[in-house]
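# Descriptive analysis of the structure
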Amino acid sequence: MSEKNNQILIADDSRVIRRAAIKILQKEFQVLEAEDGQDAWEQLQTNPNIAVLFSDLGMPNMDGFELLKAIRGSEDQGISNMPVVIITGAEETDGTKEKVLELGATDFISKPFDSHSLKSRAATHIKYQKQVEKLEKQLAYDKLTGLLNEVSFKQQGEQVLSFARRHTTEMAVVRFDIARFSDVFVKYGKPVAEQILSKVASFINEGKRTEDMAARLGVSRFAMLLSDADKEGAETVVKRICERVARLKLKMGDEIFKIEFHTGMTTFQHGDAEIKFEGLLDQADKAQKLAIEKADGQIVCFHEAAGVAAPQKQAGEYVDVDLEALLKQLSAKDSGVTDQQLTSAMRKIIPLIAESDQRLRLGLSKVVHHLNKRL
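An account of the accompanying structure is given in this report. For clarity, every value in this text was computed on a predicted model and none was experimentally measured.

### Some thoughts on the overall build of the protein chain
A count of helices and strands for the protein chain gives 15 helices and 12 strands. Counting across all 375 residues of the protein chain, residues that qualify as buried make up 44%. Taking the contacts inside the protein chain whose residues are at least 6 apart along the sequence as the reference set, 65% of them involve residues at least 24 apart. Counting every atom, the protein chain has about 20,900 Å² of accessible surface; 51% of that belongs to carbon and sulfur.

In structure tokens, the structure reads:
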């Protein structure tokens, strides 16, 4: 069976050892090579297709001990759980092997390589990794809707929050609840209720961006995490989902059931360095409860409800511009166009860019985010 989609990385400062391993494995696997631990570490961080690492211990720049420690300490679960097979030589003692095991090595193989042992170890660890990934995937998702379950959503949410904190990016957390869902369940039964939940979940999944995560947190409670999204960007995505859900009408006998969302959201504020993902979920939950009280179908933002003022632009930055006139000036290469005019023109068209990006899937979310921050 070909394993071309499961890449194996050989990390060894000896080109002879790397070539020998590649010659044995290349017919059945896609094999990559790294000349030292630092090279291997960089490849692991940028290539999610690497399934197994074979690593020497004595290497320059970053040795096998340091590499193994970095792998097991990685915040990326795909890296931290990766099988690591240590390549040992005659000079390695039992004490060395014990130390490597304590650091989290999966297995050992001695050099010079035995063809059968090398191929069987590669196949065994890839097969095991596949089984683990399949099981984790099954456990991570809600069976009815196919969305993430609560445990998995919170785990991944902490990772996204950690990234946002380190890289000073933004993120938003949204809570949805289907209004009067318990009445539907009691009146029409489980099959109809599950049909509604599945349909609503599909709208959320289809309406979110590729990089966003959606989950089912309760019977009729859903949540979404939007990475690298400020309040305006998140609201654009959420409004699109809510509007689509609002258009869904289910005929049940002589009655028509119209679905309505109660929606609350919050954004990560960089001034709040101590907040955890659970805290963001609580903020979104409080905003959602206010949305239930208001019962007007509007999205409630936690920071607005709590009276937290949004950052204000500095006075004097904005001047009103006529976009059509400005374009004529630029076409005529009029040097009289000022930086203030260009800044104000860009602010006017950012909402147009954002909406076009969401509807036409242009992949400009980071551009919009950058423009909002700079302008």
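### Comments concerning the nonpolar core
By size, the foremost hydrophobic cluster in this structure holds 34 residues, and its most contacted members are Phe176, Ile178, Ile196, Ile204, Phe222, Met224 and Phe261. Elements supplying a minimum of two residues to this core: strand 6 (171-178), helix 8 (181-188), helix 9 (190-207), strand 8 (221-227), helix 10 (231-246), strand 9 (249-252), strand 11 (261-267) and strand 12 (299-301). It is helix 9 that provides the largest number of residues to this core, a total of 7 residues. Setting aside chain neighbours within four positions, we find Ile204 in contact with Phe176, Ala214, Phe222, Met224, Ile241 and Phe261. Within the second largest apolar cluster, 22 residues are counted, among which are Ile79, Met82, Val84 and Phe108.

### Concerning helix 1 (residues 15-25)
If you check which residues of helix 1 are buried, you get Ile17, Arg18, Ala21, Ile22 and Leu25. Around the axis of helix 1, the buried residues are gathered within 130 degrees of arc, so they sit on the same side. Pointing more than 90 degrees away from the buried face of helix 1 are the exposed residues Arg15, Val16 and Lys23.

### Brief notes about the packing of aromatic side chains
For the structure shown, the criterion picks out 2 aromatic pairs. Between Phe153 and Phe277 the ring centres are 5.5 Å apart and the planes differ by 65 degrees, which places this aromatic pair in the edge-to-face class. Placement of Phe153 in helix 7 (residues 150-167) and of Phe277 in helix 11 (residues 277-294) is noted, with a sequence separation of 124 residues between them. For the pair shown, Phe153 and Phe277 are each scored as buried. One cation-aromatic arrangement involves Lys97 over Phe108; the distance from NZ or CZ to the ring centre is 6.0 Å. The cationic tip of Lys99 hangs over the ring face of Phe65; the distance from NZ or CZ to the ring centre is 4.6 Å.

### Re the packing of helix 3 (residues 64-72) against helix 5 (residues 94-103)
In the contact formed by helix 3 and helix 5, the axes pass within 9 Å of each other and the chain directions differ by 20 degrees. Taken together, helix 3 and helix 5 sit at an angle that is classed as roughly parallel. Pair helix 3 / helix 5 crosses with right-handed handedness. Counting all contacts with helix 3, which are made through Phe65, Leu68 and Arg72, the residues of helix 5 involved are Thr96, Lys99, Val100 and Leu103. Residues that form the contact of helix 3 with helix 5 fall into these classes: 4 nonpolar, 1 polar and 2 charged.

### Structural notes on the pattern of salt bridges
All told, the structure shown has 19 salt bridges when counted by the stated rule. Across the salt bridge formed by Asp56 and Lys111, the nearest N and O atoms sit 3.4 Å from each other. Here Lys111 lies in the loop between strand 5 (107-110) and helix 6 (115-140) and Asp56 lies in strand 3 (residues 50-56), a separation of 55 residues in the sequence. Take Asp56: its relative accessible area is 6%, and that puts it in the buried class.

### Concerning the sheet that holds strand 11
Spatial ordering of the open sheet is given by 7-8-6-11-12, a layout of 5 strands whose pairing is mixed. Of all strands in the sheet, those with a lone pairing partner are strand 7 (213-216) and strand 12, marking the two edges. On average, adjacent strands in this sheet sit at an angle of 20 degrees to one another, irrespective of strand direction. In this sheet, strand 8 lies alongside strand 7 in antiparallel orientation, the contact comprising 4 bridges. Paired with Ala215 across the strands is Ala223, a residue of strand 8.

### Quick word on the pairing of strand 7
Of the two faces of strand 7, the one carrying Met213 and Ala215 and the one carrying Ala214 and Arg216 are both buried. Hairpin remark: strand 7 followed by strand 8, antiparallel, with 4 residues in the connecting loop.

### A word on the side chain of Gln283
Structurally, the position occupied by Gln283 is in helix 11. With sequence-adjacent residues up to four places away left out, Gln283 is seen in contact with Thr266, Thr267, Ile275, Phe302 and His303.

### Points about the packing of helix 8 against helix 9
Interhelical geometry of helix 8 versus helix 9 gives an angle of 140 degrees and a closest axis separation of 7 Å. Touching Phe181, Val184, Phe185 and Tyr188 of helix 8 are Lys190, Val192, Ala193, Ile196 and Leu197, all from helix 9. For the contact of helix 8 with helix 9, the residue count by class is 8 nonpolar, no polar and 1 charged.

### Section: the environment of Gly104
When you line up the elements, Gly104 lands in the loop between helix 5 and strand 5. Among residues more than four places away in sequence, those in contact with Gly104 are Leu68 and Arg72.

### Side note on a nonpolar patch on the surface
Taken together, the side chains of Leu327, Leu330 and Leu342 define a hydrophobic patch exposed on the protein surface, amounting to about 260 Å² of accessible area. On the secondary structure map, Leu330 appears in helix 13 (residues 323-331). Leu330 sits in the partly exposed class, given a relative accessible area of 41%.

### Considerations on the pairing of strand 6
The side chains of a regular strand alternate, residue by residue, between the two faces of the sheet. Counting buried positions over the 8 residues of strand 6 gives 8, a clear majority of the element. Side-chain alternation along strand 6 places Met171, Val173, Arg175 and Asp177 on one buried face and Ala172, Val174, Phe176 and Ile178 on a second face that is also buried. Of the strand pairs in this sheet, strand 6 and strand 8 are connected by 7 bridges, and their pairing is antiparallel. For Val173, the partnering residue across the bridge sits in strand 8 and is Leu225. Pairing of strand 6 with strand 11 involves 7 bridges; the strand directions are antiparallel. From the neighbouring strand, Val174 faces strand 11, where its bridge partner is Met265.

The rules we used
- Residues numbered from 1 in each chain as written.
- Predicted model: local features only at pLDDT ≥ 70, side-chain atom pairs only at ≥ 80, totals over all residues.
- Heavy atoms only, no water.
- Helix = DSSP H or I, 4+ residues; strand = E, 2+ residues; numbered from the N terminus.
- Buried < 20%, exposed > 50% of the residue type's maximum accessible area, 1.4 Å probe, protein only.
- Contact = heavy atoms within 4.5 Å.
- Areas by Shrake-Rupley, 256 points an atom, 1.4 Å probe, with all protein chains shown as cover.
- Core = buried A, V, L, I, M, F, W, Y, C linked by side-chain atoms within 4.5 Å.
- Arc of directions from axis to C-beta.
- Phe/Tyr/Trp six-rings, centres within 6.5 Å; stacked < 30°, edge-to-face > 60°.
- Lys NZ or Arg CZ within 6 Å of the ring centre and 35° of its normal.
- Axes fitted to C-alpha atoms, helices over the stretch in contact; angles between N-to-C directions.
- Parallel < 35°, antiparallel > 145°, perpendicular 65-115°, else oblique.
- Left-handed = near helix turned anticlockwise from the far one by under 90°.
- Nonpolar A, V, L, I, M, F, W, Y, C, P; charged D, E, K, R; others polar.
- Salt bridge = Lys/Arg side-chain N within 4 Å of Asp/Glu carboxyl O.
- Pairing = 2+ DSSP bridges.
- Patch = residues over 30% accessible without salt bridge, like charges linked within 9 Å, V, L, I, M, F, W, Y side chains within 5 Å.

Nothing here speaks to function; it is all geometry.
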